[in-house]
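Listed below, chain by chain, are the residues.
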Amino acid sequence: MSRRIVPASASSIALAADRLRAGELVAFPTETVYGLGADAGNSDAVHRIFAAKGRPTEHPLIVHLPNAAHVEHWAREFPEGARRLAATFWPGPLTLILPRTARAADAVTGGQDSVGLRVPSHPVARQLLDAFGELGGSGIAAPSANRFGHVSPTTAQHVAEDLGDAVSMIVDGGPCDVGIESTIVAFTGGEPMLLRPGGIAIEDLVRVLGEAPHAPDAMAPRASGTLASHYAPRAAARIVTSRQLLQEVARLASSGERVAVLARTVLPPANFAGAWIASHDDAPRYAHDLYANLRALDRPGVTAILIESVPNGGAWLAVRDRLTRAT
Ligand code: TXA
Ligand code: MG
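Residues numbered from 1 in each chain as written. Chains lettered and ligands numbered in written order. Predicted model: local features only at pLDDT ≥ 70, side-chain atom pairs only at ≥ 80, totals over all residues. Heavy atoms only, no water.

1. Focus on the overall build of the protein chain
To be explicit about the condition: For the purposes of this entry, the term helix denotes a DSSP run of H or I that reaches at least four residues, the term strand denotes a run of E that reaches at least two, and both are numbered from the N terminus. Here the globule rule is a power law, 2.2 Å times the number of residues to the power 0.38, and the radius of gyration is based on C-alpha atoms. The buried label goes to any residue with under 20% of its type's maximum accessible area, the exposed label to any with over 50%, and the partly exposed label to all in between, with areas taken from a 1.4 Å probe on protein chains only. For accessible areas, the Shrake-Rupley method is used with a probe of radius 1.4 Å. Any residue's cover is judged against the shown protein chains and nothing else. Charge assignment in this entry is limited to Lys and Arg as positive and Asp and Glu as negative, and neither His nor the chain termini are counted. A single reference atom marks each charge: NZ on Lys, CZ on Arg, CG on Asp, CD on Glu.
Summing up its helical and strand segments, the protein chain has 11 helices and 14 strands in all. The C-alpha radius of gyration computed for the protein chain amounts to 20 Å, which stays within 12% of the reference 20 Å derived for 327 residues, consistent with globular compactness. Expressed as lengths along the three principal axes of its C-alpha atoms, the size of the protein chain is roughly 60 × 50 × 30 Å. Buried positions account for 54% of the 327 residues belonging to the protein chain. Accessible area for the protein chain stands at about 13,600 Å²; split by element, carbon and sulfur atoms hold 51% of it. Considering the protein chain, the positive charge centre built from 30 side chains and the negative charge centre built from 32 side chains are found 4 Å apart.

This is the structure in structure tokens:
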């Protein structure tokens, strides 16, 4: 157990807020995944995030806010559709990309003319944002607290495994409820654009917006989570249909591969010796466990990870997106 992991309490949260104001990095839980936080108003502190993650500096970060009243500090426009989404889904797993004010420094926005904003619902994140605000802070910049390109952390232990000493403190608030990252909607051109499916179902966005958000086009702001090979385990991972799964396991095993399986409905064959995780046949519960399952299967010696395909419906959209990027 890393000494940097500290259970969430009034005093550890107060200490975390102090450290953030002093320019240090603090990892903290949100309802989606753990974030690697820095004072969004301190560019030197924000630069430390990129060094700790091994992430290219031109990738923009999400600024976490205690409530929607703080949007105007960071964004010069707050269009009607974005306001409706915020009123419905904040606090919660929604990120809005809006035209930035001059206070949103290049270190945070990756030099783009927009800024990503989110009000998280996790009680520890909210207490940390409030404590940070009382110290005069106006937002915590935080990407997922993993090494660049690796799967996001959903426990404090995952953060310690990935970032170790690069982070001054990891506030432990238990496993994250949602388990995959926030839904990102950009309001930077005429139409709302869905940059990343996530913790909020697409049907719910459509209900509030009165239209489906558009797919990103050439004018869309860059989002690193949209890189083709993101959220990837180390071993080669592949998606196979439920019908082909057992056949594929047998084929790989007979050619000497050490196979690990993330299944949903298929049961392991009697002679199977490797790791076989039977996950849920329910999208939110599957998402909740997804990254922990991928980490558990991605162990030394494993040469191939087979993932049983998931259904086509909208409820599984964000899971399908992450699986496609992991494989
Ligand atoms: O659920 C989440 O969103 C988690 C928790 C910690 O809040 N955060 C997260 O951060 O997933 P990160 O940095 O791993 O992914 C944020 C995504 C990136 O793909 C980034 O490019 C995009 O948000 N993003 C942030 N600001 C942006 C901007 N101004 N324009 C376009 N994309 C932006
Ligand atoms: Mg990330």
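2. Thoughts on the sheet that holds strand β13 (residues 276-278)
Put simply, the rule reads: By definition, two strands form a pair when at least two bridges between them are found by DSSP. Where helices are involved, their axes are fitted lines through C-alpha atoms of the stretch in contact, as for all axes, and angles between N-to-C directions lie from 0 to 180°.
One open sheet accounts for four strands, arranged β11-β14-β12-β13; its pairing is parallel. Edge positions in the open sheet fall to β11 (236-240) and β13, since each of these has one partner strand only. The sheet shows a mean angle of 15° between the axes of neighbouring strands, taken without regard to direction. Inspection of the sheet shows strand β12 (residues 259-263) paired to strand β14 (residues 304-308) by four bridges, in the parallel sense. Residue pairing across strands places Val261 opposite Leu306, the latter belonging to β14.

3. Let's talk about the sheet that holds strand β2 (residues 26-28)
Test applied: We call two residues in contact whenever any of their non-hydrogen atoms come within 4.5 Å of each other.
Taken in spatial order, the 10 strands line up as β1-β8-β2-β3-β7-β4-β6-β5-β9-β10 in an open sheet, and their pairing is mixed. Of all strands in the sheet, those with a lone pairing partner are β1 (5-7) and β10 (193-196), marking the two edges. Helix α2 (residues 43-53) rests against β3 (35-39) and β7 (140-141) of the sheet, and its axis sits at about 150° to β3.

4. So, the domain arrangement of the protein chain
Here is the rule: Where each domain starts and ends follows an automatic or database-derived domain assignment. The buried area of a pairing is the accessible area, by a 1.4 Å probe, that goes missing from both parts when the two are put together, added over both. The salt bridge definition used is simple: a Lys or Arg side-chain nitrogen within 4 Å of an Asp or Glu carboxyl oxygen.
As far as domains go, the protein chain holds domain 1 (5-209) and domain 2 (236-326). On a C-alpha basis, the centres of domain 1 and domain 2 stand 30 Å from each other. Taken together, the 22 residues of domain 1 in the interface contact 15 residues of domain 2. Where domain 1 abuts domain 2, roughly 1,400 Å² becomes buried across the two surfaces, and 58% of that area is made up of carbon and sulfur atoms. Taken as a group, Val151, Ile180 and Pro197 account for 38% of the area that domain 1 buries against domain 2, more than any other trio of residues on that side. At the boundary of domain 1 and domain 2, one finds three salt bridges. The shortest N-O distance in the salt bridge between Glu181 and Arg322 comes to 2.8 Å.

5. Section: helix α8 (residues 202-209)
Our working definition: Directions are taken from the helix axis to each C-beta atom, and the arc is the one they span.
Regarding α8, the residues found buried are Leu205, Val208 and Leu209. Projection of α8 onto a plane perpendicular to its axis shows the buried side chains occupying an angular sector of 90°, all on one side.

6. Notes on the pattern of salt bridges
Applying the stated criterion to the full structure yields 17 salt bridges. Residue Arg264 is joined to Asp281 by a salt bridge in which the shortest nitrogen-to-oxygen separation is 2.6 Å. In this pair, Arg264 sits in the loop between β12 and β13 while Asp281 sits in the loop between β13 and α10 (283-297), placing the two residues 17 residues apart along the sequence. Classification of Asp281 as partly exposed rests on a relative accessible area of 49%. Each of Glu181, Asp321, Arg322 and Arg325 takes part in salt bridges that share partners, so that together they form one network.

7. What about the nonpolar core?
For clarity, the threshold we go by: Joining through side-chain atoms within 4.5 Å is the link that ties buried Ala, Val, Leu, Ile, Met, Phe, Trp, Tyr and Cys residues into a set, and such a set is a nonpolar core.
Core analysis: the largest hydrophobic core is formed by 49 residues, its most contacted members being Leu85, Leu94, Leu96, Leu98 and Leu117. When residues of this core are assigned to their parent elements, the largest contribution, five residues, is made by α2. Ranked by size, the runner-up nonpolar core spans 25 residues in total, among them Ala237, Ile277, Ile305 and Ile307.

8. Considerations on the packing of helix α1 (residues 10-21) against helix α6 (residues 123-134)
Filter applied, for reference: Working rule for angles: under 35 degrees goes down as roughly parallel, over 145 as roughly antiparallel, 65 to 115 as roughly perpendicular, anything else as oblique. Left-handed is the label given to a crossing in which the near helix is rotated counterclockwise from the far helix by less than a right angle, and right-handed is the label when the rotation is clockwise. Residue type decides the class: Asp, Glu, Lys and Arg count as charged, Ala, Val, Leu, Ile, Met, Phe, Trp, Tyr, Cys and Pro as nonpolar, and the leftover types, Gly among them, as polar.
Direction vectors running N to C along α1 and α6 enclose 55°, while the axes themselves pass 9 Å from each other. As far as their axial angle goes, α6 and α1 are oblique. Our pair here, α1 against α6, has a crossing hand that is right-handed. Residues Ile13, Ala16, Ala17, Leu20 and Arg21 of α1 touch α6, and the partners they reach there are Val124, Gln127, Leu128, Ala131 and Phe132. Considered class by class, the residues forming the contact of α1 with α6 number eight nonpolar, one polar and one charged.

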